[in-house]
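# Observations on the model geometry
Chain residues, written in single-letter form:
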Amino acid sequence: MYVHSYRAAGGASRTDAGESKRGMTRLRVGILGATGTVGQRFIALLADHPQFVVTAVAASDRSQGKPYGEACLWRLPGEMPAGVRSLAVQPPRPPLDCDVVFSSLPGYPVVSNSSSHRMDDAVPLLIPEVNPDHLAVLDACRDARKESARGRGRGFIVTNPNCSTVVIALALAPLAARFGVEAVVVTTLQAISGAGYPGVASLDITDNVVPFIANEEEKIERETRKILGRLNGSNVELAPFPVSAQCHRVNVVDGHMAAVRVKLGRRAESAELREAFASFSAAPQHLRLHTAPARPIVVRDEPDRPQPRLDRDAGGGMSVTVGRITSDSVLGHRFVVLGHNTIRGAAGAAILNAELLMAQGYL
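Model, not experiment: these values are computed from the prediction.

Scanning the protein chain from N- to C-terminus turns up 11 helices and 14 strands. Of all 363 residues assigned to the protein chain, the portion counted as buried reaches 53%. Within the protein chain, residue pairs in contact and separated by at least 24 positions form 77% of the contacts whose partners lie at least 6 positions apart.

A few words on helix α8 (residues 270-278). Along α8, the residues classified as buried are Leu-273, Ala-276 and Phe-277. Buried residues of α8 fall within an arc of 100 degrees about the axis and therefore sit on the same side.

For any pair of aromatic rings, the description consists of the separation of the ring centres together with the inter-plane angle of the planes. Per the counting criterion, the structure on display carries three aromatic pairs. When the ring of Phe-42 is compared with that of Phe-102, the centres are 5.2 Å apart and the planes differ by 20 degrees; the resulting orientation is stacked. Taken as a pair, Phe-42 in helix α1 (residues 37-46) and Phe-102 in strand β5 (residues 100-103) lie far apart in primary sequence, 60 residues in all. Note on accessibility: Phe-42 and Phe-102 belong to one class, buried. Judged by centre distance (6.0 Å) and plane angle (90 degrees), the rings of Phe-52 and Phe-102 are edge-to-face. Highlighted residues: Phe-52 in strand β3 (residues 52-58) and Phe-102 in strand β5, separated in sequence by 50 residues. For Phe-102, a relative accessible area of 0% translates into the label buried.

A few words on the side chain of Gln-285. Looking at where Gln-285 falls in the secondary structure, it is placed in helix α9 (residues 283-286). On the accessibility criterion, Gln-285 (13% relative accessible area) is buried. Contact partners of Gln-285, with chain neighbours within four places excluded, come to Glu-129, Ala-292, Pro-293, Ala-294 and Pro-296.

Most of α1 is tucked away, with seven of its 10 residues classed as buried. Listed in full, the buried residues belonging to α1 are Val-38, Gly-39, Gln-40, Arg-41, Phe-42, Ile-43 and Leu-46. Those residues of α1 that are buried are in contact with β2 (27-32), β3, α2 (68-71), β5 and α11 (343-359).

Let us look at the nonpolar core. The tendency in soluble globular proteins is for nonpolar side chains to be buried side by side. Counting residues in each nonpolar core, the largest one holds 43 residues, and the members touching the most others are Ile-31, Tyr-68 and Phe-102. Every element with two or more residues in this core is listed here: β2, α1, β3, α2, β5 and α11. Beyond its immediate chain neighbours, meaning those up to four positions away, Tyr-68 contacts Ala-34, Thr-35, Gln-40, Ile-43, Val-57, Trp-74, Met-80, Val-84, Arg-85, Leu-87 and Val-89.

All right, on to the sheet that holds strand β14 (residues 332-339) then. Reading across from one edge, β10-β7-β11-β14-β13-β12 is the order of the six strands in this open sheet, with mixed pairing throughout. What marks the edges here is a single partner per strand, and that holds for β10 (243-249) and β12 (297-299). Direction aside, neighbouring strands of the sheet carry axes that sit 25 degrees apart on average. Sitting on the sheet, helix α5 (residues 165-178) touches β7 (181-190), β11 (256-264), β12, β13 (320-328) and β14, and the angle it makes with β14 is about 140 degrees.

What follows covers the pattern of salt bridges. Pairs can form between side chains of opposite charge whenever their charged atoms are close. In this structure the tally under the stated criterion is 16 salt bridges. Across the salt bridge formed by Arg-266 and Glu-272, the nearest N and O atoms sit 3.9 Å from each other. A relative accessible area of 30% means that Glu-272 is categorised as partly exposed. A salt bridge links Arg-334 to Asp-328, with the nearest nitrogen and oxygen atoms 3.2 Å apart. One network of salt bridges, in which partners are shared, links Arg-300, Glu-302, Arg-305 and Asp-311.

Before going further, it helps to examine the pairing of β2. With respect to burial, β2 is a largely interior element, six of its six residues being buried. Of the two faces of β2, the one holding Leu-27, Val-29 and Ile-31 and the one holding Arg-28, Gly-30 and Leu-32 are both buried throughout. Considered for its hand, the β-α-β crossover made up of β2, α1 and β3 is right-handed. Here four bridges tie β2 to β5, and the two strands are oriented parallel to one another.

What follows concerns the packing of α1 against α11. Look at α1 against α11: their axes get within 9 Å of each other, and the N-to-C directions meet at 50 degrees. Judged by the angle between their axes, α1 and α11 are oblique. As α1 packs across α11, the resulting crossing turns out to be right-handed. On the side of α1, the interface is formed by Val-38, Arg-41, Phe-42, Leu-45 and Leu-46, while α11 contributes Ile-343, Ala-346, Ala-347, Gly-348, Ala-350 and Ile-351. A per-class count over the contact of α1 with α11 returns nine nonpolar, one polar and one charged.

Basis of the calculations
- Residues numbered from 1 in each chain as written.
- Predicted model: local features only at pLDDT ≥ 70, side-chain atom pairs only at ≥ 80, totals over all residues.
- Heavy atoms only, no water.
- Helix = DSSP H or I, 4+ residues; strand = E, 2+ residues; numbered from the N terminus.
- Buried < 20%, exposed > 50% of the residue type's maximum accessible area, 1.4 Å probe, protein only.
- Contact = heavy atoms within 4.5 Å.
- Arc of directions from axis to C-beta.
- Phe/Tyr/Trp six-rings, centres within 6.5 Å; stacked < 30°, edge-to-face > 60°.
- Core = buried A, V, L, I, M, F, W, Y, C linked by side-chain atoms within 4.5 Å.
- Pairing = 2+ DSSP bridges.
- Axes fitted to C-alpha atoms, helices over the stretch in contact; angles between N-to-C directions.
- Salt bridge = Lys/Arg side-chain N within 4 Å of Asp/Glu carboxyl O.
- Right-handed = clockwise from strand over helix to strand, strands pointing away.
- Parallel < 35°, antiparallel > 145°, perpendicular 65-115°, else oblique.
- Left-handed = near helix turned anticlockwise from the far one by under 90°.
- Nonpolar A, V, L, I, M, F, W, Y, C, P; charged D, E, K, R; others polar.

By themselves, these are just geometric observations and shouldn't be taken as functional.
Below, the structure written as structure tokens:
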């Protein structure tokens, strides 16, 4: 998932953008892959957003030319927001009547969602609570474009992580900051909605666990180290500790769970880890960004929590929930973390990225 500034690709300026209920000018947003599962999450989360208004929707050939209300089979709870029903579905390419694009399309040649772009030196891989300083990469790229004879426009890519990585890295962030991290081993139990719609065939996942999700383990291992890496000038140095991941698809609709073992840089008691999780707050909370949860990490002390059905919607789906914090005989410490994969792990993450970009003057 990424947020892409669309002006450089022929998008209109923001001077005629929509007006919010508070009277402030809102940035016009285009959604690529708007009829899919994550696209629908974008639509729902942006329905009453004070800074963004959806003015363009794009999808595959079979949907193009139809009103969104006709082209999209709405699969989320509640009704489709009225404001998007009459929008004509367009091809996922310029020009679109918007200032900013949110996309759930992997591999699109202009603004790709591929894992290779997440790891590009010129592309921040962002969790606003964890590494907002990595946006400095954009400044270096912008300066380089100004010096180039071909450099014009304000386009850039900002990615958010893989839907499991964001849950894991957000939980590791306060531990890395307070104690240091030397090694991580993680086992995921990932919801079927992470495979999109129609996703995993019912006869494959019913009464079953599938111990393989293509490329998922590699993404977690690479992306976690970039997110928790150190900004050195205009480059991000990967975090020096190893990350080992094993991923499983389970028969849960929404909510990715990860069982994490971690070796810390110094000795600590389980109570210290709990306090680090519970007290964690960062730039989105200090800036009071609209989509930011009041508590990015919610701690549960019950022995059988977190659970997807009970905890995935914490903080409107934007908080991750940590429980089972205890000592580990191999690496020192372990815990379980859960997050909503299509909100914090996808649409909500991209929207929060855009809110941070606005707050920092990039949009």
